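# Commentary on secondary and tertiary structure
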Amino acid sequence: LILLDSLLQECFQSTQALNMPASRGEPPPPSLPQAPARSSWLGFLPVSALEDNVRNMNIEAEEAYEVDEDDSEPVDSFCKLPLAFSCPRHLQPVQGVEMIMQTWRMRERMKTVSVALVICQNVGVDPPDVTKTQPCARQECWVDPLSLNPQRALETIGGNLQRQYERWQPRARYRQSLDPTVEEVRRLATGLRRSARDERVLFHYNGHGVPRPTANGEIWVFNRSYTQYIPLSIYDLQSWMGSPSIYVYDCNNAGIIVDSFRNFAEQHEREYVEQIRAGGPQAGGTELPPPPSLRNCIQLAACSKDQLLPMNPDLPADLFTACLTTPIKVALRWFVMKNDLGQLAPKVKLEQLEKIPGQFGDRRTMLGELNWIFTAITDTIAWNTLPRDTFQKLFRQDLLVASLFRNFLLAERIMKSNDCTPVSQPKLPGTHQHPMWEAWDLAVDICLSQLKNILEEDKTYLPSSFFEEQLTAFEVWLSHGCEERSPPEQLPIVLQVLLSQAHRLRALDLLGKFLDLGPWAVNLALSVGIFPYVLKLLQSSARELRPLLVFIWAKILAVDSSCQQDLVRDQSHKYFLTVLQDPAMLPQVKTWAVFVLSSVVQGYKQGQDEAVAGNLISICLNEMDEADPVFKQWLAICLGTLWDKHEEARGRAMRCNAPESLETLLLDQTPEVRAAAVYALGTFINSCSERTEHANTLDQNIATRLLQKILEDGSTLVRKELVVTMQYVVNSFPNNFMALMRAIADEDDGLAAGTRSSLLSSSTSTLGRVSSEDKLSRQVLQQRRSVVGIPQSMTGSVTELNRMGDLGILTTPKRGRKSVIGLAGVGTQHHVASLASLASMACYGPGVTAKFKPFYLKVVGGLMVLERDPDKEVGTMARQVLDTIYNKMVAAERERKGSGVFRSLSQAELHSVSAPGSPAKASFMLGDSPPGHNTTLPASFRQGLAGSVGGQHSLTLPSDLASKPAQAWLGRSTVSDISEDGGQETGVKTNFLAWSAKHFSSRLMKLGEDMVDLESEEYWARQWLYDRNEKVKRRAAAERKSVEEGSGRLDDQLGVVKIPQPPSVLAYEPYTSSLAVATRDSILLVGNKPGPSPQVTTSWGNGNSRVSQITSLQFCNSHERGLLVAGSDDGCVRVWRGWDESPHLVTGWTLLPEMVPQSLAGSRVSYGLQLAWSQPDQLLVGAGDAKNIRLWDCSAEVRLCDLPIQSDSCVTCLHMDKGVLAASFGDGQIKLFDYRAPPASARIMAFREHKQLVLSLKMQEGGKIVSGCTEGVVKVWDIRRQSSLTTLETNQPAVSLDIHQSAPVFAAWTSTQQISFHSLHEGKVLNQIRYHEGLLGNRLGPVNCLKFHPSLIQLAAASTDSHVSMFGYRRY
């Protein structure tokens, strides 16, 4: 058995050594061998079983090891751990989608209102310059002119041509000019241009009976007696037709006309410029005509300048005109002729084509479906070959132009096969060989194959499978589609399929999937012309289409909100109101609908009016009980955008008790929902245009409750919206807040100068507003003056506070908690320097707090707290609001500086409670606030603000500042004033709405969201991290085993790093050897990258205030890409991402606002803010010199509960495991809490054996707790017993001490100036360290912080000489 065991151990060790890879960050020292381990399964086998299986020992050992390696349970345990601070609000900037919008919406809708049909046939007489073949093409507009008398034939041709054009534009004004003269053409062109005004005119020229155009740019007409051909210059025709116009030339050598047209257009432009230079209108007194835009005229020519028209007798003579006006007829004849009279479509003759049943407008018939397919194919060819702007101009701007250009693509194909090349202006790329023509040929062949049975046997026409096949091709593209690929060719066909009721559902589904690919897909769909189709479909009553249509419209409005006007104009917004009230709709569909409605009303007065008339407020309020957070978020946003600056909507909301319903969302577990509720309540306050007593009371109550519930919210989204809402509150009562700011400025200025002088009465006083950070330090200065007294020369600055603290001037006797958290003592009214006291304005004397209503004090106090927010953006926004009030107050005083002596503020005015309507009374201070117009300003403030009671001060300015603008001498950052009359706001704003709408431009149709792509780079990166974690855990287990056996020492010096400032806090990342080092206000990362020895790889500032310092560091999400949580002694917490490369702040909030910074705490012992983290529960626990331990839910970013500590001492250590929280205190107590229980009954145990401050506290496996105090005493506890199990003594007072989280060791820096390592088994000393390694190793500096690695047996020691030493475990 012994031999078997040793062989198994050897096999196990060798295999482990081969498979131990490096971890992320810096790899563990490769020289450390694994401790011998006895395979656990051997102990459960009987001896007989071992003896029987000795022969198979090697095989079984290998199999056992393979099973251990392939065991997925540890990896699964990491996969199941939730990730904190990994929501979109943490991973992406809060801003909208940056999109490059295409010009899909035509700025100018054109219409061809007049058509001139100029036909020069001279039937019976061929032109002299063209020799025609015999037989020759004779048909004109499908009529043989030789079969009728000349005049009758000419009239028939003209009538047929007009009817052919009327099919494409029936409402146009048509004028025929048959074999005209020059004068007739002039009258026709000028008359049509006069009647058309700025609309388009079409000029169709058939020159089959006249000579070819000349090289000079002339076409031919006749004289009155038809004896001569008369030339007509294109130059004159341009002058008569004007612009915009479209020209169709069906004649030989038509390309000559196109070239000449361009030359004459340039000549017109030159003449116009010369006329301007000559000062044209000044001499004659007439206005100069508008500049010609003839270059933009559209031209279609049948052939190039050196080509003749086709003369095939089986084709019409006007083949080009036939292609443009009767495309299906020409296409079918050409198809049958091309395929040798029906080899592809058997037994189909040309005569049978005239008998094809159906109508062009009926898509259920053969003729109608062929026309439908032809439109889809030509649109597809154009969209895939033309530039987007050209496609929009030619195929979406004008109905007749779009039809002509679709048919022009067919003309190019047919004319090319007859050795003619049609010409167009603008020039189009060649499309006659586009692959979609093959799809057209196949569709025609399938349809014509049924013609014989339909005509002879009267069978029913079977619809073509063309659209189904194209939808399938589109679906295949969607399965692999992305922005980098070329756009799908079938997108215009999908648009056409929307017209079919049979395929509409599938087409909408595929269209929705395409739009879901991103904003680029929405732009493509809009550019192809999808908008009018989906707008028309909103008139459908089919319930099965509702989810798809709502989704498509949500995608469109997420990209282009200008569509709101189209919805309101067509009353289509009612469709979404119906969907929102449909109980059969899923919450997700209702979310899309409410987003569409919020987009309709956002910033659009007419949309708001229609929504109010449609009872949108009541509908949204009735849906508030839904559990879906995104739905609730957008219900609140929709309400906020609906009543924003809309008095009628605000009144309707008041009658529906909308504010009360929204206030229930302030306690929601989703930060986005809370932010949306704050936004809606803010716009509600901002929508009041006329102030009344009822409106004032309501808005003040709303603002007060917002401050109570939201001021300490953990999400920056919510706090930003709170700042904007407080801005609206300040904007609603500007005079009141200006008066309060004046009183605050007076007290700040008096405190700084040691006198109660007025803000502007002394040229030496500071004009800038005192920041909230200085207020806290001055607040402590006031408190300490009342205790020990301070020389009058002291200003209360932070530097002087620190200097006085060093000199022992600012000493405060140690008191109980009430003297710190509550009042300073009897007869004083100054609270301690905490954010909680700043919020209540307790840092100011009765000159401020006794004059004004608590409402105004709470608003300004809340803004001051937000000014010190851990998030810089929130702090900047709050500072701008406060600076705006201050600047407006000083500007108001500057305007009144010429009025001389100001009337003082009497005591009667200060404490008046008269009716609010009295303009001479300061009733807004203690009574209800009056309307916000000039009469509400108290007389004392209107005539000048008073100084001290009983004296008057004249308002004078320094001579060098009196002539400068207010913003030049305020010394503050200039901020635009907030509009007070309901106009455009120029104050602080957020991107919350645009960022929330970004959700709908992202992928929403994610099938199998929970499915993991096992081949993705992200998956393999995560698996690598999990494998790394497992290997670190195995190494940690081997090191613990070695310690228990006594076969190693912790004396391997891994490195020493010198840092700029003395370190105060250390923290190891659990699964690497990366060490985070915190100084007073900065964080450094020590690692092995890029060299072999540890060095500082990254450093950054934490951003805490001048009077606070970092007191705690914690790693969260360490099993993947970890985050670093930094806590400072002012109660603030900041979370950092990318700390190993490019650190950036993820979020920050105030965890314990009642915390007092250690620099302002005097002689009271405080360890600052202490943190503990639980990854499975996503709980962050914080405690310090406060009366509660706060549990923070990081998933919801809200306070979970407060556990009362019932102790006068500060909390020194926190540790939590499996629902139990252990806290140690400065008086030596250790208390256990079950945070799953109600707070009142959460405390389950208290240990009181320690007599001094507890330095370290750890909960280990098996229900053990290990603690160590400053006496050098370490105790081991069992949570089930009141007394300790073991007491270990170092026999020296400990300055710093730390206990390993899982290994039975602890380290202490004692008064002997050495680091000693002890075992928890019998307390024996493992080893001691006094010097750094090396021949001339220096002695360790005074150590103020020790920190063990959470997993490995590694120790970091920080000394006051700014050195950080790292030691590792070494076996011997």
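Predicted model only: the values in this text are computed from it and were never measured.

Looking only at helices and strands, the chain has 49 helices and 36 strands in total. By residue count, 57% of the 1372 residues in the chain fall in the buried class. Long-range contacts, defined here as pairs at least 24 residues apart, represent 67% of the contacts in the chain between residues at least 6 apart.

This brings us to the pattern of salt bridges. Inspection of the entire model under this criterion finds 52 salt bridges. The partner of Glu893 in a salt bridge is Arg742, with the nearest N and O atoms 1.9 Å apart. A residue pair is termed long-range when its members are at least 10 positions apart, and Glu893 in helix H43 (residues 872–895) and Arg742 in helix H36 (residues 734–753) qualify at 151 residues. Overall, the relative accessible area of 5% leaves Glu893 in the buried class. Residue Asp1298 pairs with Lys1258 through a salt bridge whose shortest N-O separation is 3.2 Å. Residue Asp1298 is found in strand E30 (residues 1294–1299), and its partner Lys1258 is found in strand E26 (residues 1254–1260); the two are separated by 40 residues along the sequence. Comparing Asp1298 with Lys1258 shows no difference in burial state: the two are buried. When salt bridges that share partners are traced, they join Glu712, Arg1190, Arg1199 and Asp1202 into one network.

Moving on, we come to the side chain of Thr365. Within the fold, Thr365 resides in the loop between helix H13 (350–353) and helix H14 (366–385). For Thr365, the side chain forms a polar contact with the main-chain oxygen of Gln359, separated by 3.5 Å. Within polar-contact distance, the side chain of Thr365 engages the backbone nitrogen of Gly368 at 3.2 Å. In this view, Thr365 contacts Pro357, Gly358, Gln359 and Tyr461; residues no more than four positions away in its chain are not counted.

So, about the packing of H14 against helix H15 (residues 388–395). The N-to-C vectors of H14 and H15 enclose an angle of 145°; their axes lie 8 Å apart at closest approach. In this structure, H14 uses Asp379, Ala382 and Trp383 to contact H15, whose residues at the interface are Arg388, Phe391 and Phe395.

A few words now on the sheet that holds strand E10 (residues 1065–1068). Spatially, the four strands line up as an open sheet ordered E10-E11-E12-E13, and their pairing is antiparallel. This sheet does not close on itself; its edge strands, each paired only once, are E10 and strand E13 (1095–1101). Taken pair by pair, the neighbouring strands of this sheet meet at an average axis angle of 20°, ignoring direction. The pairing of strand E11 (residues 1075–1078) with strand E12 (residues 1082–1087) spans four bridges and is classified as antiparallel. Within the sheet, the bridge partner assigned to Ala1076 lies in E12 and is Leu1085.

In this section: helix H9 (residues 255–277). At 3.6 residues per turn, the α-helix brings residues three or four places apart onto the same side. Compared with an ideal rise of 1.5 Å per residue, which puts 23 residues at 33 Å, H9 spans 34 Å between its outermost C-alpha atoms and is within 8% of the ideal. For H9, the set of buried residues is Gly255, Ile256, Ile257, Val258, Ser260, Phe261, Phe264, Ala265, His268 and Tyr272. Contacts made by the buried residues of H9 are with strand E4 (218–222), strand E5 (229–233), helix H8 (234–241), strand E6 (245–250), strand E7 (298–301) and strand E8 (423–425). Following H9 by one or two positions, Gly279 adopts a phi angle in the positive range, close to 70°.

Our next topic: the nonpolar core. In terms of nonpolar packing, the biggest core is built from 267 residues, with Trp440, Leu448, Phe514, Trp553, Phe576, Trp643 and Phe737 touching the most fellow members. Contact partners of Trp643, with chain neighbours within four places excluded, come to Ile617, Ala649, Arg650, Ala653, Ala658, Leu662, Ala680, Thr683, Phe684 and Ser687. One finds Ala84, Val1135, Met1155 and Ala1186 within the second-largest nonpolar core, a separate group that totals 19 residues.

Turning our attention to the environment of Asn701. Relative to the assigned elements, Asn701 resides in helix H34 (residues 693–710). Take Asn701: its relative accessible area is 35%, and that puts it in the partly exposed class.

Let us now look at the confidence of the model for the chain. When pLDDT drops low, the exact placement of atoms in the prediction is not to be read closely. Within the chain, residue pLDDT values average 80, and 79% of them lie at 70 or more. Note that residues 780–832 has pLDDT below 50 and, in this model, 87 contacts with residues that lie over four places away or in other chains. Long-range and interchain partners of residues 900–984, a stretch whose pLDDT sits below 50, account for 167 contacts in this model, where long-range means more than four residues apart.

The subject of this paragraph is the side chain of Asp1052. Relative to the assigned elements, Asp1052 resides in strand E9 (residues 1048–1058). The buried charged residue Asp1052 lacks any salt bridge partner; its closest oppositely charged side chain belongs to Arg1370, at an N-O distance of 4.1 Å.

Time to look at the pairing of strand E2 (residues 173–178). As paired strands, strand E1 (residues 112–119) and E2 are joined by six bridges and run parallel to one another. Paired with Val118 across the two strands is Ser177, which belongs to E2. Handedness of the crossover joining E1 and E2 through helix H6 (residues 150–166): right-handed.

Take the packing of aromatic side chains next. Within the structure shown, the criterion is met by 34 aromatic pairs. On the numbers, 6.2 Å between centres and 90° between planes, the contact of Phe320 with Phe408 is edge-to-face. Taken together, the positions of Phe320 in helix H11 (residues 319–325) and Phe408 in helix H16 (residues 399–417) put the pair 88 residues apart, joining distant regions of the chain. In terms of burial, Phe320 and Phe408 fall into one category: buried. Ring geometry for Phe474 and Phe514: centres 5.8 Å apart, planes at 55°, overall tilted. Placement of the pair is Phe474 in helix H19 (residues 466–480) and Phe514 in helix H21 (residues 504–515), with a sequence separation of 40 residues. Of the two residues, Phe474 and Phe514, neither departs from the other in class, the shared state being buried.

Moving on to the environment of Ser225. Within the secondary structure, Ser225 sits in the loop between E4 and E5. When the C-alpha atoms of Ser225 and Thr181 are compared, they prove to be 9.6 Å apart, with 44 residues separating the residues in sequence. Side-chain polar atoms of Ser225 contact the side chain of Thr227, separated by 3.0 Å.

Let us look at the state of the cysteines. Per the counting criterion, the structure on display carries zero disulfides. Cys303 takes part in no disulfide bond, and the closest cysteine sulfur to it belongs to Cys420, at a distance of 5.2 Å.

Strand direction decides the pairing type here: strand E32 (residues 1315–1319) and strand E33 (residues 1325–1329), joined by four bridges, are antiparallel. Each bridged residue has a counterpart across the sheet, and for Ser1316 the counterpart in E33 is Gln1328. Hairpin connection, E32 to E33: the antiparallel pair is bridged by five residues, and Glu1322 has positive phi, about 70°.

The next thing to look at is unusual backbone geometry. With omega at -5°, the peptide bond leading from Gln134 into Pro135 counts as cis. Tracing the backbone shows Pro135 in the loop between E1 and H6. Following Ser243, the chain continues into Pro244 via a peptide bond in cis, with omega recorded as 5°. Along the polypeptide, Pro244 turns up in the loop between H8 and E6. The backbone of Asn253 shows a phi angle near 50°, a positive value even though the residue is not glycine. For Asn1291, which is not a glycine, the phi torsion comes out positive at approximately 65°. Locating Asn1291 in the fold gives a position in the loop between strand E29 (1284–1289) and E30. Residue class for Asn1291 comes out exposed when judged on its relative accessible area of 63%.

Calculation rules
- Residues numbered from 1 in each chain as written.
- Predicted model: local features only at pLDDT ≥ 70, side-chain atom pairs only at ≥ 80, totals over all residues.
- Heavy atoms only, no water.
- Helix = DSSP H or I, 4+ residues; strand = E, 2+ residues; numbered from the N terminus.
- Buried < 20%, exposed > 50% of the residue type's maximum accessible area, 1.4 Å probe, protein only.
- Contact = heavy atoms within 4.5 Å.
- Salt bridge = Lys/Arg side-chain N within 4 Å of Asp/Glu carboxyl O.
- Polar contact = N/O pair within 3.5 Å; in protein donor to acceptor, adjacent residues only side chain to side chain.
- Axes fitted to C-alpha atoms, helices over the stretch in contact; angles between N-to-C directions.
- Pairing = 2+ DSSP bridges.
- Expected span 1.5 Å × (residues − 1).
- Core = buried A, V, L, I, M, F, W, Y, C linked by side-chain atoms within 4.5 Å.
- pLDDT = per-residue confidence, 0-100.
- Lys, Arg positive; Asp, Glu negative; His and termini not counted.
- Right-handed = clockwise from strand over helix to strand, strands pointing away.
- Phe/Tyr/Trp six-rings, centres within 6.5 Å; stacked < 30°, edge-to-face > 60°.
- Disulfide = S-S within 2.5 Å.

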